[in-house]
Amino acid sequence: MQLLPLSGYLPKGGLPAVKFSPTPSQKEAIFSIDEDLAVTAGAGSGKTRVLAERYLNVLEQGYSFEEIAAVTFTKKAAQEMKERLSQTRPDLAGSLERAQISTIHSLCRRIIREHPREAGIDPRFKVGEEWETEALLQEVIEAEMQNRELIEGLGRPKEAAELILNLYQQIRTRGGFSFRGRETEHLVEQQDALQLAEAVDEFLALNPRTPLQKDVMEAWSHEWPLLQTSLFSGNPHLQLEALGILEDYLKKISGGLAQKTVLIKKGIEIIKEQIAERRGAEITRWCREVLEHVDRAYRRKKDSAGILDFNDLEHLAYVLLQDPQVGADYNFRHLLVDEFQDTNPL
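Nothing here was measured: the structure is a model prediction, and the numbers come from that model. (Residues numbered from 1 in each chain as written. Predicted model: local features only at pLDDT ≥ 70, side-chain atom pairs only at ≥ 80, totals over all residues. Heavy atoms only, no water.)

J.: Explain the overall build of the protein to me, and be specific about the residues and the numbers.
T.: Of the regular secondary structure elements, the protein holds 13 helices and seven strands. The globule rule puts the C-alpha radius of gyration for 346 residues at 20 Å, and the 32 Å found for the protein is more than 25% above it. Overall, the protein is about 100 × 50 × 35 Å in size when its C-alpha atoms are taken along their principal axes. Counting the 346 residues in the protein, one finds 38% classified as buried. (Helix = DSSP H or I, 4+ residues; strand = E, 2+ residues; numbered from the N terminus. Rg over C-alpha atoms; globule rule 2.2 N^0.38 Å. Buried < 20%, exposed > 50% of the residue type's maximum accessible area, 1.4 Å probe, protein only.)

Put into structure tokens, the structure is as follows:
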């Protein structure tokens, strides 16, 4: 077990008696209560037991149940912690009912239940089961896909729907509630197209050294005006087609003359990268627009059903706690979090 940091406050007169024999590091985690403390340890090393003993020590230092919040990853873990506290201190069994020992979502739900007016929701709301809210979200996404033209590059409607579902869940799970982003235009720069055209013109003005090269360059010269039109069209499909034809001509140039095509090859790569960036920006813009539509429709569905999902609980509780009057109702002096690595930024 590793502790960060290892310094802390120890009660005067030595360590209070505990019901198990903690290691030196565990003792530090249990009795150092005057600063933030992070404990890292492997599975089965007694972290939850240490958390329970730390809770008891905080009580013994004069803090009340109302000043301590213990957050566990599962409801089962919360119940086990209460049972462990009750077994260790039977005299506290009756008081544990008012102790804030629960999952983060249960804590968030409590805050919202106690302040529905400030949250702007119906106090009769219920928390949807995970399968229920996911089915609702999938229904919304499928409807959106049916009413929207797919953008090229996202595959079939089913694949696009899976992408939107994953993106939406990832953004919400990480505490995000905005799907907007800074828009950036990725267009083929006219200067780069001009430089490519100049490089081609200079090359076609050279004297071919073999009959085969002569035939290739004559065919190229004949087709070049049309290729230039496509290159400056602003249409990525025509531009890519023109660049592909240029590359085909380049493959037919060999020997010393091939060394004169370096600028053409470089120009082609630059423009292909610009087209790829523009396509990526278009896909990103499309996804953002779809995500915004999905989010609005999903919220309407939830409002109609009178339910909140787990992400709603986190977001609403966070917003409520920014209100000083609401925050004053939760005077937690000590926050104990089990499995902290599984929390999100929010």
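On we go from here.
J.: Outline the nonpolar core, supporting the account with residue identities and numerical values.
T.: Formed by 24 residues in total, the largest nonpolar core has its most connected members in Leu196, Phe203, Trp220, Trp224, Leu243, Leu246 and Ile264. For this core, the secondary structure elements donating two or more residues are helix H8 (190–204), helix H9 (211–231), helix H10 (236–251) and helix H11 (262–305). Looking at this core element by element, the count peaks at seven residues for H8. Sequence-distant contacts of leucine 196, that is, excluding residues within four places in its chain, are made with Leu231, Leu243, Leu246, Ile264, Gly267, Ile268 and Ile271. (Core = buried A, V, L, I, M, F, W, Y, C linked by side-chain atoms within 4.5 Å. Contact = heavy atoms within 4.5 Å.)

J.: Describe the pattern of salt bridges, listing the residues and the values that go with them.
T.: Inspection of every chain in the model, using the stated rule, returns 20 salt bridges. Glutamate 60 is paired through a salt bridge with arginine 89; the nearest N and O atoms lie 3.6 Å apart. Residue glutamate 60 is located in helix H2 (residues 47–60), and its partner arginine 89 is located in the loop between helix H3 (75–88) and strand E4 (100–103); the two are separated by 29 residues in the primary sequence. Of the residues examined, glutamate 60 reaches a relative accessible area of 41% and is grouped as partly exposed. You can call arginine 89 partly exposed: its relative accessible area is 23%. Its salt-bridge partner being glutamate 67, residue arginine 333 comes within 3.9 Å of it at the nearest N-O pair. Here arginine 333, found in the loop between helix H13 (324–327) and strand E7 (334–337), pairs with glutamate 67, found in the loop between H2 and strand E3 (68–72); they are 266 residues apart in sequence, far enough to count as distant. Through salt bridges with shared partners, a single network forms among Arg172, Lys302, Asp309 and Asp312. (Salt bridge = Lys/Arg side-chain N within 4 Å of Asp/Glu carboxyl O.)

J.: I'd like to hear about the packing of H2 against H3, residue by residue, with values.
T.: Between two packed helices, both the angle of their axes relative to each other and the distance between the axes serve to describe the pair. Between H2 and H3, the least distance of the axes is 10 Å, while the angle of their chain directions is 55°. With respect to H3, the axis of H2 lies oblique. Considering how the two elements wind past one another, H2 and H3 form a crossing that is right-handed. Across the interface between the two elements, Thr48, Arg49, Leu51, Ala52, Glu53, Tyr55 and Leu56 from H2 touch Met81, Arg84, Leu85 and Thr88 from H3. Among the residues forming the contact of H2 with H3, the class breakdown is six nonpolar, two polar and three charged. (Axes fitted to C-alpha atoms, helices over the stretch in contact; angles between N-to-C directions. Parallel < 35°, antiparallel > 145°, perpendicular 65-115°, else oblique. Left-handed = near helix turned anticlockwise from the far one by under 90°. Nonpolar A, V, L, I, M, F, W, Y, C, P; charged D, E, K, R; others polar.)

J.: Tell me about the pairing of E7, and please be specific about residues and values.
T.: Residues His334 and Leu336 line the buried face of E7, whereas the alternating positions Leu335 and Val337 sit on a face that is not buried. As paired elements, E3 and E7 share four bridges and run parallel to each other. Residue pairing for E7: alanine 70 is matched across the bridge by leucine 336. (Pairing = 2+ DSSP bridges.)

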